[in-house]
Amino acid sequence: MSIAATASRRKLYPPVEPFASGMLEIGDGHSIYWERCGTPGGKPAVFLHGGPGGGCSAKQRQQFDPALYDVLLFDQRGCGRSTPFAGLEANTTWHLVADIEALRELAGHERWMVFGGSWGSTLSLAYAQTHPERVTELVLRGIFLASQKEADWLYKYGASELYPEAWSEFAGHIPADERHDLVAAYHKRLTSDDQSVRLAAAKVWSMWEGVTVTLLPDPDMLADFTADDHAVAVARIENHYFSHDCWLEPDQLLKGATRLRGIPGVIVQGRHDCCTPPAAAWALKQAWPEVELQIVPDGGHLFTEPGITDGLVRATDRFAGKTAA
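Predicted model, so just to flag it, every value in this text is computed and none were measured.

Visitor: Sorry, what's going on with the pairing of strand β7 (residues 265-270) here?
Guide: Successive side chains on a regular strand alternate, one facing one side of the sheet and the next facing the other. Summarising burial for β7: six of the six residues are buried, a large majority. The alternating pattern of β7 places Gly265, Ile267 and Gln269 on one face and Val266, Val268 and Gly270 on the opposite face, and all of these are buried. Of the strand pairs in this sheet, strand β6 (residues 135-141) and β7 are connected by four bridges, and their pairing is parallel. Looking at β7, one finds that Leu140 is bridged to Ile267. As defined by bridge partners, β7 adjoins strand β8 (residues 292-296) across five bridges and the pair is classed as parallel. Within β8, the residue paired with Gln269 across the bridge is Ile295.

Below, the structure written as structure tokens:
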């Protein structure tokens with residue numbers, strides 16, 4: 001990539017505070033936190049965070065021009081400010097799809113742009129394929145199709161070859177006779193009645209994920225990933241979803257891509273994404289030819305990396321009718 005191209009990359013918008021926020025009781029004992037940022041009456045959008053279990057952050061608001069967008073962000077069931085904290089009951093992909101519809105109705109939008117990265121891309125696709133009439137555009141990052149191949153890459157063999165020292169710690173937390181199925185072994189510990197057992201397993205699980213999502217080492221990000229509450233929510237909910245194949249049939253999101261026809265879309269994918277490798281984004285492009293696939297040559301997984309930020313901000317600007325400088 002040329003110096004000129006690097007210098008012209010778009011950056012995140014300045015920090016912005018919500019103009020409205022609240023809690024939505026959605027049944028099943030769950031209450032979800034939501035917030036709306038930008039300009040009331042602007043282009044409607046919903047932001048779907050990663051994990052599952054990651055929760056929203058203030059910086060994620062900055063991927064949208066606040067003068068042009070009315071964007072709703074929310075903490076999915078069990079994470080962030082939603083309650084019950086780290087709750088697994090009535091917490092499935094299809095519960096979350098229903099929650100998105102409830103939030104759309106709360107906001108009073110007929111249709112909106114759907115933006116999601118990592119697990120958020122999975123949830124975006126599940127929602128859009130269920131309710132294509134409600135989606136104006138899709139902006140996706142770090143495609144994860146919830147296939148067995150992708151799960152095995154993270155928890156059996158693949159990423160382990162790139163980060164052998166971190167893998168040694170991740171696998172080493174489990175006794176040798178249980179390492180043939182690390183997801184099941186961690187599930188046992190993350191649902192233990194012993195709080196100390198749950199927290200220890202959660203920190204190791206979250207550390208492994210934190211290592212795989214960074215293109216370059218980021219001690220501050222890893223500290224955030226392994227902070228007690230974040231680690232417990234991410235590890236418990238993520239493991240819960242992976243233990244149930246995310247409640248998706250094999251290749252369901254690829255087979256359902258025909259339902260996306262006519263919906264404009266952009267995928268921003270890091271070439272060196274070791275958490276959600278580019279093969280899934282490429283497979284989705286083959287199933288959904290109309291989508292624009294941008295593979296960032298010096299990008300990894302996180303939206304804060306310069307090339308990934310550039311692609312995402314340009315996409316949100318374009319769909320709001322703004323021509324980038």
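Back to the text.
Visitor: Even after reading the chapter, I still don't get the pattern of salt bridges, so can you show me in this structure?
Guide: Note on pairing: side chains with opposite charge can pair once their charged atoms come close. This model, assessed by the stated rule, comprises 19 salt bridges. We note a salt bridge from Glu137 to Lys43, for which the minimum N-O separation is 3.0 Å. Of this pair, Glu137 sits in strand β6 while Lys43 is found in strand β3 (residues 43-48), placing the two residues 94 residues apart along the sequence. Between Lys203 and Asp228 there is a salt bridge, with the nearest N and O atoms lying 2.8 Å from each other. Of this pair, Lys203 sits in helix α8 (residues 195-213) while Asp228 sits in helix α10 (residues 228-243), and the two are 25 residues apart along the sequence.

Visitor: Would you mind going over the environment of Gly22 with me for this structure?
Guide: For Gly22, the position within the fold is in strand β1 (residues 20-27). A residue is classified by how much of its surface remains accessible, and Gly22, at 19% relative accessible area, is buried. Not counting chain neighbours up to four residues away, the residues in contact with Gly22 comprise Ile32, Tyr33 and Trp34.

Visitor: How should I be thinking about the pairing of strand β4 (residues 69-74) in this particular structure?
Guide: By the criterion of burial, β4 is predominantly enclosed, with six of the six residues buried. The sheet contact formed by strand β2 (residues 30-38) and β4 spans five bridges and is antiparallel. Bridge pairing in β4 links Cys37 to Val71. Inspection of the sheet shows β3 paired to β4 by five bridges, in the parallel sense. Opposite Pro44, over in β4, you have Asp70 as the bridge partner.

Visitor: Sorry, what's going on with the packing of helix α6 (residues 164-172) against α8 here?
Guide: Angle between the axes and distance between the axes are the two parameters that describe a pair of packed helices. Relative orientation of the contacting elements α6 and α8 amounts to 160°, with a least axis distance of 9 Å. Regarding the angle of α6 to α8, the classification is roughly antiparallel. Note on packing geometry: the crossing formed by α6 with α8 is left-handed. Mapping the contact onto sequence places Ala166, Trp167, Glu169 and Phe170 in α6 and Val204, Trp205, Trp208 and Val211 in α8.

Visitor: Teacher, can you tell me more about unusual backbone geometry here?
Guide: Glycine aside, negative phi is the norm for most residues, and most peptide bonds take the trans geometry. Of the consecutive residues Gly51 and Pro52, the connecting peptide bond is found in the cis state with omega at 0°. Here Pro52 is to be found in the loop between β3 and β4. Omega for the bond connecting Thr83 with Pro84 falls within 30 degrees of zero, at 0°, which places this linkage in the cis form. One can find Pro84 in the loop between β4 and α2 (93-107). Phi at Trp247 takes a positive value of approximately 55°, unusual for a residue other than glycine. Relative to the elements of secondary structure, Trp247 occurs in the loop between α10 and α11 (252-255).

Visitor: Looking at this structure, I do not really get the environment of Ile295. What am I missing?
Guide: Mapping Ile295 onto the fold places it in strand β8. Exposure remark for Ile295: the relative accessible area of 27% places this residue in the partly exposed category. Considering only alpha carbons, one finds Ile295 and Ala58, 237 residues apart in sequence, at a separation of 26 Å. Contact partners of Ile295, with chain neighbours within four places excluded, come to Gln269 and Arg271.

The rules we used
Residues numbered from 1 in each chain as written. Predicted model: local features only at pLDDT ≥ 70, side-chain atom pairs only at ≥ 80, totals over all residues. Heavy atoms only, no water. Buried < 20%, exposed > 50% of the residue type's maximum accessible area, 1.4 Å probe, protein only. Helix = DSSP H or I, 4+ residues; strand = E, 2+ residues; numbered from the N terminus. Pairing = 2+ DSSP bridges. Salt bridge = Lys/Arg side-chain N within 4 Å of Asp/Glu carboxyl O. Contact = heavy atoms within 4.5 Å. Axes fitted to C-alpha atoms, helices over the stretch in contact; angles between N-to-C directions. Parallel < 35°, antiparallel > 145°, perpendicular 65-115°, else oblique. Left-handed = near helix turned anticlockwise from the far one by under 90°.

No statement about biological role is implied by the geometric values presented.
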